[in-house]
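What the coordinates show
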Amino acid sequence: MTSSPEPGEFITLLTEDEVKALYAVGRPRRWDRGATMFTEGDVSDWVLILTSGRVKVSSHTAGGSEVVLAVRGPGALLGEFAAIDGLPRSATVTALEPVEGITVRDFSSYLQANGRVAVLLMQMVTGKMRDSDRKRIEYGAFDTTGRVATRLVELAERYGEPDNGGVRVALPLSQDELAGWTGASREAVSKALRSLRDRGLIETGRRRVIIHDMEGLRKRAR
């Protein structure tokens with residue numbers, strides 16, 4: 001089942017003809033929750049355009065700890081770095097829920113035939129680099145609670161739904177994964193969530209968060 005693409009994701013930047021041309025050279029695939037689409041270090045040259053479901057993009061430290069780099073949803077383009085430079089995959093991509101997408105093997109030829117899309121891709125890659133820089137600054141400037149609040153605000157803005165005056169987020173991440181996304185231990189994340197609950201900013205449940213005070217959460221994220 002195809003879902004509406006998230007605002008700002010790759011597929012939303014293309015014209016209808018560009019999307020049709022891209023899908024024409026690809027094929028649909030689906031993965032169950034927990035399945036791995038790309039594995040860090042593998043050598044392959046295809047890209048994936050998500051059409052439904054969410055995935056996590058992660059890497060591992062030398063000590064074996066998982067670092068979650070991003071959560072991506074419908075409309076996202078994944079695997080473009082390896083498709084362009086031919087180097088091994090720089091990250092692992094795992095389905096956080098059932099996922100569907102279009103795989104494209106000869107992405108370089110598509111870009112050569114669609115010069116405008118190639119320029120858009122460069123802009124998108126630049127945006128990813130800026131986001132990566134911003135997160136590195138967060139790790140040095142914010143405490144764990146601030147980083148957790150920042151990630152919750154991001155998830156709420158992207159996936160939140162109104163819920164009795166608050167915002168409900170069906171959280172696809174476990175606490176371990178949220179810890180990997182904030183650069184903290186699981187214990188530190190649990191303490192941060194408890195602090196946010198005690199302030200009345202959020203309510204947590206199994207793989208869900210209800211934000212009762214979005215403005216308060218934004219302030220704690222600063």
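The structure under discussion appears in the preceding block.
This text gives an overview of the structure that appears in the document. Please read these numbers as outputs of a predicted model, since none were measured by experiment.

Assigned secondary structure in the protein consists of 8 helices and 12 strands. The C-alpha radius of gyration of the protein comes to 18 Å, within 12% of the 17 Å expected for a compact globule of 222 residues. Expressed as lengths along the three principal axes of its C-alpha atoms, the size of the protein is roughly 55 × 40 × 30 Å. Out of the 222 residues in the protein, the part that is buried amounts to 46%. Contacts in the protein between residues at least 24 apart in sequence constitute 71% of all its contacts with a sequence separation of at least 6. Total accessible area computed for the protein in this model is approximately 11,300 Å², and 51% of it derives from carbon and sulfur atoms.

It is worth spelling out unusual backbone geometry at this point. The phi dihedral of Asn 164 falls on the positive side, at around 50 degrees, and the residue is not glycine. Mapped onto the elements, Asn 164 comes out in the loop between β9 (161-163) and β10 (166-170).

So, on to the packing of aromatic side chains. Evaluated as defined, the whole model comprises 3 aromatic pairs. A ring pair is formed by Phe 38 and Trp 46, whose centres lie 4.5 Å apart and whose planes are at 45 degrees; its orientation type is tilted. The burial state of Phe 38 is the same as that of Trp 46; both residues are buried. Feature note: the residues Phe 10, Phe 107 and Tyr 110 constitute an aromatic cluster, connected by ring pairs. Above the plane of the ring of Tyr 159 lies Arg 54, whose end atom (NZ or CZ) is 4.3 Å from the centre.

Moving on to the sheet that holds strand β2 (residues 36-38). Strand order in the open sheet made by the 4 strands is β2-β7-β4-β5, with antiparallel pairing throughout. Taken across any chain shown, the strands that pair with only one partner, and hence form the sheet edges, are β2 and β5 (66-72). Taken over all neighbouring pairs, the strand axes of this sheet differ in orientation by 30 degrees on average, direction set aside. By the bridge criterion, 4 bridges tie strand β4 (residues 55-60) to strand β7 (residues 92-95) in an arrangement that is antiparallel. Each bridged residue has a counterpart across the sheet, and for Lys 56 the counterpart in β7 is Thr 94. Strands β4 and β5 of the sheet are contacted by helix α6 (residues 175-182), whose axis makes an angle of about 95 degrees with β5.

Along the chain, Glu 9 falls in the segment before α1 (16-24). You can call Glu 9 buried: its relative accessible area is 8%. If sequence neighbours within four positions are ignored, Glu 9 has contacts with Arg 72, Gly 73, Pro 74, Gly 75 and Ala 76.

In spatial order, the strands read β9-β10-β12-β11; together these 4 strands make up an open sheet with antiparallel pairing. At either margin of the open sheet sits one strand with a lone partner, and together these are β9 and β11 (202-205). Looking at each pair of strands side by side, their axes are set apart by 30 degrees on average, direction ignored. Its contacts with the sheet put helix α5 (residues 144-159) on β9, β10, β11 and β12 (208-211), and the angle it makes with β10 is roughly 90 degrees.

Turning our attention to α6. Of all 8 residues in α6, 6 are buried; the element is thus mostly enclosed. Those residues of α6 lying buried are Glu 177, Leu 178, Ala 179, Gly 180, Trp 181 and Thr 182. The first or second residue beyond α6 is Gly 183, which carries a positive phi of 65 degrees.

Of all hydrophobic cores here, the largest spans 29 residues; its most connected members are Val 148, Leu 152, Leu 196, Ile 202, Ile 211 and Leu 217. Looking at this core, the elements with two or more residues in it are β5, α5, β10, α6, α7 (186-198), β12 and α8 (214-221). Tallying contributions element by element places α5 first for this core, with 7 residues. The contacts of Val 148, once residues within four sequence positions are left out, are Leu 178, Thr 182, Val 189, Ala 192, Leu 193 and Leu 196. The next biggest cluster of nonpolar side chains, apart from the first, holds 18 residues, and it includes Ile 11, Leu 22, Leu 77 and Phe 107.

The rules behind each value
Residues numbered from 1 in each chain as written. Predicted model: local features only at pLDDT ≥ 70, side-chain atom pairs only at ≥ 80, totals over all residues. Heavy atoms only, no water. Helix = DSSP H or I, 4+ residues; strand = E, 2+ residues; numbered from the N terminus. Rg over C-alpha atoms; globule rule 2.2 N^0.38 Å. Buried < 20%, exposed > 50% of the residue type's maximum accessible area, 1.4 Å probe, protein only. Contact = heavy atoms within 4.5 Å. Areas by Shrake-Rupley, 256 points an atom, 1.4 Å probe, with all protein chains shown as cover. Phe/Tyr/Trp six-rings, centres within 6.5 Å; stacked < 30°, edge-to-face > 60°. Lys NZ or Arg CZ within 6 Å of the ring centre and 35° of its normal. Pairing = 2+ DSSP bridges. Axes fitted to C-alpha atoms, helices over the stretch in contact; angles between N-to-C directions. Core = buried A, V, L, I, M, F, W, Y, C linked by side-chain atoms within 4.5 Å.

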